[in-house]
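Descriptive structure summary
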Amino acid sequence: FVKILCAALLSLPFFSSAQKKQPAAEFYNITIYKFSSAAQQVTIEDFLQSAYLPALHRQHIKSVGVFTPLNNDTASSKSLYIIFPIKTLQQANDLAEKISKDDQFLINGKTYLEAVYTDAPFKRIENILLKAFPLAPILNTPKLAAAKSERIYELRSYESATENIFKNKVKMFNEGGEIDLFKRLNFNAVFYSSVIAGSHMPNLMYMTSFENMADRDEHWKKFVADPQWKKLSAMPEYQNNVSKIEITLLKPASYSDY
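Applying the stated criterion across every chain, the model contains 27 aromatic pairs. An angle of 15 degrees between the planes, with centres 5.9 Å apart, marks the rings of Phe-47 and Tyr-52 as stacked. One exposure class covers both Phe-47 and Tyr-52, and it is buried. Measuring from centroid to centroid gives 6.2 Å for Tyr-158 and Phe-173, while their planes differ by 50 degrees, and the two rings are tilted.

This is the structure:
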């Protein structure tokens, strides 16, 4: 698995020796639990709060985000997102085995881990592995003043029609200056990354954060009106490099690290 992913990375537009002086780019793990009932959500969240997050912390993974979509209450298929950084592919490969040998994890997660097939705590689990962009190589814990219950996190996925077109969109974020624009407008980005293992490839994903929904709407209003964005989005070399956009608005759990 690690060898396959390493080979895949060589084809990404930002994987070059010219960037050796940059901080080592992190990887990100996104796990999406899909469930249908309130009872399942309670079981999952109890497992995460009492067993899984503490186990990740003991593995020196400190910034673990836990989020639920804003539309969870009305959606027929509900979900819960866990997002955290990983330093290396080897760490990603070894993490599950190390946690499975954590005695405290096994004790605290017993209800979830030993659930019977007639009372499963979830419907399905989806895992996505990502690599940070060169101009945003590490996860940033957002600097927000609002209470967690008010914060809005926005996770975006941009799909492209082909691998080469995808590389063009990644270039637009990096060399093209789109990341710089987000920074100047203070979008409090958590990460920008290319998906290297997932179900919607080729695609990139990034997460921004806001004090509340009104703050989010105001930021995007300024973004679309900004002269830099108008110029960048009109450049011929960056046309038609996104074929589908998925936007997921999230709220953090009370025990989320950010």
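Grouped burial of nonpolar side chains is what soluble globular proteins tend to show. If you look at the biggest cluster of nonpolar residues, it comprises 27 residues, and the most contacted ones within it are Leu-48 and Phe-84. Residue assignment for this core shows that the elements contributing at least two residues are β1 (27-35), α2 (38-58), β3 (78-86) and α3 (89-100). Among the elements that take part in this core, α2 stands out by supplying eight residues, more than any other. If you look at the next biggest cluster of nonpolar residues, it comprises 23 residues, including Ala-136, Met-172, Leu-185 and Trp-229.

With respect to the secondary-structure elements, Pro-142 resides in the loop between β4 (124-132) and β5 (152-159). For the pair Pro-142 and Asn-188, spaced 46 residues apart in sequence, the C-alpha separation works out to 5.5 Å. Setting aside anything within four residues of it in sequence, one finds Pro-142 in contact with Tyr-153, Asn-188, Val-190, Ser-209 and Tyr-258.

Before going further, it helps to spend a moment on the sheet that holds strand β8 (residues 244-252). Backbone hydrogen bonds hold the strands of a sheet together, and the pairing may be parallel or antiparallel. The eight strands lie next to each other as β1-β3-β2-β8-β5-β7-β6-β4, forming a closed barrel whose pairing is antiparallel. Adjacent strand axes in the sheet meet at a mean angle of 30 degrees when their direction is disregarded. Strand contacts of helix α6 (residues 163-173): β5, β6 (191-197) and β7 (203-210), with the helix running at about 30 degrees to β7, the strand carrying the most contacts.

Let us now look at helix α8 (residues 213-225). Counted at 1.5 Å a residue, the expected span for α8 with its 13 residues is 18 Å, and the 19 Å between its end C-alpha atoms agrees. Buried within α8 are the following residues: Arg-216, His-219, Trp-220 and Phe-223. When α8 is viewed along its axis, its buried side chains cluster within an angular range of 95 degrees and face the same direction. Turned more than 90 degrees from where α8 packs its buried face, Ala-214 and Lys-221 sit exposed. Taken together, the buried residues of α8 touch β5, α7 (178-184), β7, α9 (227-234) and β8.

Bringing unusual backbone geometry into the picture now. One can expect most non-glycine residues to show negative phi and most peptide bonds to be in trans. Backbone torsion omega between Met-201 and Pro-202 reads 0 degrees, so that peptide bond is classified as cis. Although it is not a glycine, Asn-188 adopts a positive phi angle of roughly 50 degrees. In this structure, Asn-240 is a non-glycine residue whose phi angle is positive, near 60 degrees. Within the fold, Asn-240 resides in the loop between α9 and β8.

In terms of residue burial, β7 counts as a mostly covered element, since eight of its eight residues are buried. Residue alternation in β7 divides its side chains into two sets, Asn-203, Met-205, Met-207 and Ser-209 and Leu-204, Tyr-206, Thr-208 and Phe-210, and both sets are buried. One ladder, built from eight bridges, connects β5 with β7; its direction is antiparallel. Bridge pairing in β7 places Tyr-158 opposite Leu-204.

Before going further, it helps to spend a moment on the side chain of Ser-256. The topology assignment puts Ser-256 in the segment after β8. Using a relative accessible area of 2% as the deciding quantity, one classes Ser-256 as buried. Looking at Ser-256, its side chain comes within polar contact range of the main-chain oxygen of Tyr-258, at 2.8 Å. Setting aside anything within four residues of it in sequence, one finds Ser-256 in contact with Val-64, Gly-65, Val-66, Phe-67 and Lys-148.

Cut-offs and rules
Each chain has its residues counted from 1, following the order in which its sequence is written. Local features in this predicted model are restricted to residues of pLDDT 70 or higher, and side-chain atom pairs are both shown and tallied only at a pLDDT of 80 or more, whereas totals for entire chains, interfaces and linings draw on every residue. No hydrogens and no water enter the side-chain calculation; it runs on all heavy atoms of the structure. Pairing of aromatic side chains requires ring centres within 6.5 Å, counting the rings of Phe and Tyr and the six-membered ring of Trp. Pairs whose planes differ by under 30 degrees are stacked, by over 60 edge-to-face, and all others tilted. Think of it in three bands: residues with accessible area under 20% of the maximum for their type are buried, residues over 50% are exposed, and the middle band is partly exposed, with areas taken using a 1.4 Å probe on protein chains only. In these notes, a set of buried Ala, Val, Leu, Ile, Met, Phe, Trp, Tyr and Cys residues joined through side-chain atoms within 4.5 Å is what counts as a nonpolar core. The numbering of helices and of strands both runs from the N terminus, where a helix is a DSSP run of H or I of at least 4 residues and a strand a run of E of at least 2. For this analysis, residues touch if any pair of their heavy atoms sits within 4.5 Å. In this description, strands pair whenever DSSP reports at least two bridges between them. Throughout, an axis means a line fitted to C-alpha atoms (over the contacting stretch in the case of helices), and angles, computed between N-to-C directions, take values from 0 to 180 degrees. Each residue after the first adds 1.5 Å to the expected span of a helix. Each C-beta atom gives one direction from the helix axis, and the arc is the one those directions make. Polar contact is defined as a pair of N or O atoms within 3.5 Å, subject to the rule that within protein one atom must be able to donate a hydrogen and the other to accept it, and that residues adjacent in sequence are counted only when both atoms are side-chain atoms.

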